[in-house]
Amino acid sequence: MKITTPYYLIDENKLLRNMEIIRQVRQLSGAKSVLALKCFSTWSVFELMRQYMDGTTSSSLFEARLGYEKFGKETHAYCVGYSAEDIRAVTAFADKVIFNSASQLERYYELVKTKKVGLRVNPGISHSHFDLADPARRHSRLGVTDKAVLAAQLPRLSGFMFHYNCENDDYPAFVRQLDYIGEQYGDMLKELEWISLGGGIYFTKEGYPVEAFSRTLADFAKTYGVQIYLEPGESAITGAAELVTRVVDIVQNEINIAIVDASVEGHMLDLLIYRLAAKMEAEQTTGHSYMVAGRSCLAGDVFGTFHFADRLEVGSEIRFADAAGYTMVKKNWFNGLAMPAIAVKRLDGTLEVVRTFDYADFLTSLS
Ligand SMILES: *Cc1c(COP(=O)(O)O)cnc(C)c1O
């Protein structure tokens, strides 16, 4: 089947690899994993993911609702700032309501007290390569920093949520952080049922010591008598999708520049925000070199510079790897560019286009 470019292509077999590691961690450690929907919300593959994960976690009312409706199992609701309307709506289906601050907890406790209530802790430590994504940055609003405030809220709480990592593939660093959390919060943890360690732990990365990681989690859970949750976003879907594009023009300005029918700004926005180059599955170091750029009018809409065995022509296909996380959830209509369709290669190899977008979607995104 030929699909019109541009499109995101999710490969369930690649997804399965991550799912099997998540299941292994669950079996070896007892830690449950809930999918962080802010990273990936493409619900057409939830049927597969549901068999390996324990539910979802969210950043907003709409994500929580999507998790409840499309994923099922446990629904954790978290939001940096709930409105009263959000709280009323979310308590209809969330199993856990996790607050970002003691003031939000105070304000809404009466409305949520029949649920399991959690509070986000800011432990003041983090592992992030970017200040923009560092929850422990100066003046961070993410989570409660004051231990006395946490202690005062304990009777209302069943758990703490910590989220302090971003693409942390350093297992010894993870252990040091967890030891620190045990030392700092251990007495309080003993009064709680569960603790979430958030996302950003890169335990599905090739070579990550999954068994040692699982033992560390199991030991921690036993020491403090808590159910551990992990909230993988990127780790759940890493490497599971490509953005498939086609060259629409080739121009020269000192170098050869291939312009494709997608855009970094519109379709892989995080590359722009974090100033990273796109990846290709089998990256070549020799051959014909091109800067590959998007077709938005933004001057810096550049995927990166790559080598190709053959000269590119108008119509050549270019596939960007690792296009599942923080891409489809962030795509936008900037420049009114054609929105990539979403296709899924099922476990049995069948190719299915699960969503296409057209002018009507652009039109109705505004009024
Ligand atoms: C972003 C986020 C996650 C997922 O992070 P990844 O880096 O994609 O694993 C999990 N929990 C919370 C609270 C988050 O903000």
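Residues numbered from 1 in each chain as written. Predicted model: local features only at pLDDT ≥ 70, side-chain atom pairs only at ≥ 80, totals over all residues. Heavy atoms only, no water.

We now examine the overall build of the protein chain. The number of helices and strands found in the protein chain is 12 helices and 16 strands. Each principal axis of the C-alpha distribution contributes one length, and for the protein chain these read about 65 × 50 × 45 Å. The buried share of the protein chain, reckoned over its 367 residues, is 53%. Pairs at least 24 apart in sequence give 67% of the contacts found in the protein chain among residues at least 6 apart. Just so you have it, the protein chain exposes about 17,000 Å², and 49% of that area is on carbon and sulfur atoms. Charge-centre separation for the protein chain: the mean point of 39 positive side chains lies 4 Å from the mean point of 46 negative side chains. (Helix = DSSP H or I, 4+ residues; strand = E, 2+ residues; numbered from the N terminus. Buried < 20%, exposed > 50% of the residue type's maximum accessible area, 1.4 Å probe, protein only. Contact = heavy atoms within 4.5 Å. Areas by Shrake-Rupley, 256 points an atom, 1.4 Å probe, with all protein chains shown as cover. Lys, Arg positive; Asp, Glu negative; His and termini not counted. Charge placed at Lys NZ, Arg CZ, Asp CG, Glu CD.)

Neighbouring the ligand are the residues Ala36, Lys38, Met161, His163, Gly199, Gly200, Glu231, Pro232, Gly233, Glu234 and Tyr326. Gly200 is positioned such that a nitrogen or oxygen atom in its backbone is 2.8 Å from an oxygen atom of the ligand. Within the side chain of Tyr326, an N or O atom sits 2.6 Å from an oxygen atom of the ligand. Compared with its free state, where it exposes 390 Å², the ligand has 89% of that area covered by protein. Taken together, the residues that form the shell around the ligand break down as 4 nonpolar, 4 polar and 3 charged. (Near = heavy atom within 4 Å. Polar contact = N/O pair within 3.5 Å; in protein donor to acceptor, adjacent residues only side chain to side chain. Nonpolar A, V, L, I, M, F, W, Y, C, P; charged D, E, K, R; others polar.)

What follows covers the pattern of salt bridges. Using the criterion set out here, one finds 18 salt bridges in the structure. Ionic pairing is found between Arg65 and Glu69, a salt bridge with its closest N-O pair at 2.8 Å. Of this pair, Arg65 and Glu69 are both found in helix 3 (residues 61-71), 4 residues apart, which corresponds to roughly one turn of the helix. What makes Arg65 partly exposed here is its relative accessible area of 44%. The closest approach of N and O atoms between Lys113 and Glu110, which form a salt bridge, is 2.6 Å. Residue class for Lys113 comes out partly exposed when judged on its relative accessible area of 43%. Accessibility expressed as a relative area gives 56% for Glu110, which makes it exposed. Overlapping salt bridges bring together Glu242, Arg246, Glu317 and Arg319 as one network. (Salt bridge = Lys/Arg side-chain N within 4 Å of Asp/Glu carboxyl O.)

To continue, consider the domain arrangement of the protein chain. What the domain assignment reports for the protein chain is domain 1 (13-237) and domain 2 (239-364). Computed from C-alpha atoms alone, the centre-to-centre distance between domain 1 and domain 2 is 31 Å. Tallying the contact residues gives 18 residues for domain 1 and 18 residues for domain 2. Carbon and sulfur atoms make up 61% of the surface buried where domain 1 meets domain 2, a total of about 1,600 Å² over both sides. Viewed at the interface, domain 2 and domain 1 are joined by 1 salt bridge. (Domains from an automatic or database assignment. Buried area = accessible area lost by both parts, 1.4 Å probe.)

What follows deals with the UniProt feature "binding site: substrate" (unreviewed entry) in the protein chain. According to UniProt, the feature "binding site: substrate" (unreviewed entry) maps to Glu234 and Asp270 in the numbering used here. The greatest C-alpha distance among the annotated residues, which extend across 37 residues, is 12.4 Å, indicating that they converge on a single site. Along the chain, the position of Glu234 falls in helix 9 (residues 234-237). On the basis of relative accessibility, which here comes to 16%, the residue Glu234 falls in the buried class. (UniProt positions renumbered as here; feature names shortened; annotations may be inferred.)

Further remarks concern the UniProt feature "domain: Orn/DAP/Arg decarboxylase 2 C-terminal" (unreviewed entry) in the protein chain. According to UniProt, the positions carrying the feature "domain: Orn/DAP/Arg decarboxylase 2 C-terminal" (unreviewed entry) are residues 239-323. Its end C-alpha atoms 7 Å apart, residues 239-323 is made of 11% helix and 42% strand.

Attention now goes to unusual backbone geometry. Here the amide bond leading from Thr5 into Pro6 is cis, since omega sits at -5°, within 30 degrees of zero. Not every positive phi belongs to a glycine, and Arg275 is a case in point at roughly 55°. Looking at where Arg275 falls in the secondary structure, it is placed in the loop between helix 11 (269-273) and strand 12 (288-293). One non-glycine residue with positive phi stands out, namely Tyr326, at about 60°. With respect to the helices, strands and loops of the structure, Tyr326 is situated in the loop between strand 14 (317-320) and strand 15 (341-345).

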